[in-house]
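Structure assessment
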Amino acid sequence: MSGILMRNELDQAKKWVFDHIQQYGKIAALIVIEPEFQGLQELVEWQDIEHDEYIQQHTKALAIVGSEQWSEDAILFLLGGLLPFPIKYFQPKEQPLAEAWLLSH
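None of the values given here were measured: they were computed from a predicted structure.

**Some thoughts on the nonpolar core**
In this structure, Ile33, Phe37, Leu62, Ile64, Trp70, Ala74, Leu78, Leu83, Phe85, Ile87 and Tyr89 together form the largest nonpolar core, which totals eleven residues. Breaking this core down by element, the ones donating at least two residues are β2 (59–65) and β3 (87–90). If sequence neighbours within four positions are ignored, Ile64 has contacts with Ile31, Ile33, Ala74, Ile75, Leu78, Ile87, Lys88, Tyr89 and Phe90. Grouped together as the second largest cluster of nonpolar side chains are seven residues, Val65, Ala98, Trp101 and Leu102 included.

Listed below in structure tokens is the structure:
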């Protein structure tokens, strides 16, 4: 199942983000979907971890960079429009634009 994000990897990443926010304050985050990424199907029925609400309240903006094929899935997975911060999707060649967009928040 190479290329599929596993639950423990996601929870570890969220824990790292939580710890980082605790130490440094609010964040603007960049997620890069690698070319070998295969999908979000393993994430569909997962429950949030205890730190999710805190992370959401301390995130200023989220930019996602990846292939067009993942744009709808990523926005739906992250509940785009329902979170208390803006989310924007960028194509891989637009990563510098994504970084500039984050700096504006």
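**Remarks on the sheet that holds β3**
As summarised here, the arrangement of the three strands in space is β1-β2-β3, forming an open sheet in which the pairing is parallel. Looking along the sheet, the strands with just one partner apiece sit at the ends: β1 (27–32) and β3. Strand-to-strand twist in this sheet, taken as the mean axis angle between neighbours without regard to direction, amounts to 15°. Two strands pair when backbone bridges link them, and β1 and β2 are joined in this way by six bridges, in the parallel orientation. The residue bridging Ala28 from the neighbouring strand is Ala61, located in β2.

**Let's talk about the confidence of the model for the protein**
In the predicted model, the protein carries a mean pLDDT of 84, and 83% of its residues have values of at least 70. Across the protein, element-level confidence peaks in helix α4 (residues 95–103) with a mean pLDDT of 97 and bottoms out in helix α3 (residues 71–77) with 81.

**Side note on the side chain of His51**
Following the sequence through the fold, His51 ends up in the loop between β1 and α2 (52–57). With near-sequence residues (within four places) excluded, His51 lies in contact with Lys15 and Phe18.

**Quick notes on the pattern of salt bridges**
Scanning the entire structure with this criterion turns up two salt bridges. With a shortest N-O distance of 2.8 Å, Lys15 and Asp19 are connected by a salt bridge. With Lys15 and Asp19 both in helix α1 (residues 7–24) and four residues apart, the pair spans about one turn of that helix.

**Remarks on the packing of aromatic side chains**
Under the criterion given, the structure shown has three aromatic pairs. Taking the centre distance of 5.1 Å and the plane angle of 70° together, the rings of Phe18 and Tyr54 count as edge-to-face. Taken as a pair, Phe18 in helix α1 and Tyr54 in helix α2 lie far apart in primary sequence, 36 residues in all. You can call Phe18 buried: its relative accessible area is 13%. Classification of Tyr54 by relative accessible area gives partly exposed; the value is 28%. Seen in terms of ring centroids, Phe37 and Trp70 are 5.0 Å apart; in terms of plane orientation they differ by 80°. Their pairing is edge-to-face. Highlighted residues: Phe37 in the loop between β1 and α2 and Trp70 in the loop between β2 and α3, separated in sequence by 33 residues. Note on Trp70: relative accessible area 10%, which makes it buried.

What counts and what doesn't
Residues numbered from 1 in each chain as written. Predicted model: local features only at pLDDT ≥ 70, side-chain atom pairs only at ≥ 80, totals over all residues. Heavy atoms only, no water. Core = buried A, V, L, I, M, F, W, Y, C linked by side-chain atoms within 4.5 Å. Buried < 20%, exposed > 50% of the residue type's maximum accessible area, 1.4 Å probe, protein only. Helix = DSSP H or I, 4+ residues; strand = E, 2+ residues; numbered from the N terminus. Contact = heavy atoms within 4.5 Å. Pairing = 2+ DSSP bridges. Axes fitted to C-alpha atoms, helices over the stretch in contact; angles between N-to-C directions. pLDDT = per-residue confidence, 0-100. Salt bridge = Lys/Arg side-chain N within 4 Å of Asp/Glu carboxyl O. Phe/Tyr/Trp six-rings, centres within 6.5 Å; stacked < 30°, edge-to-face > 60°.

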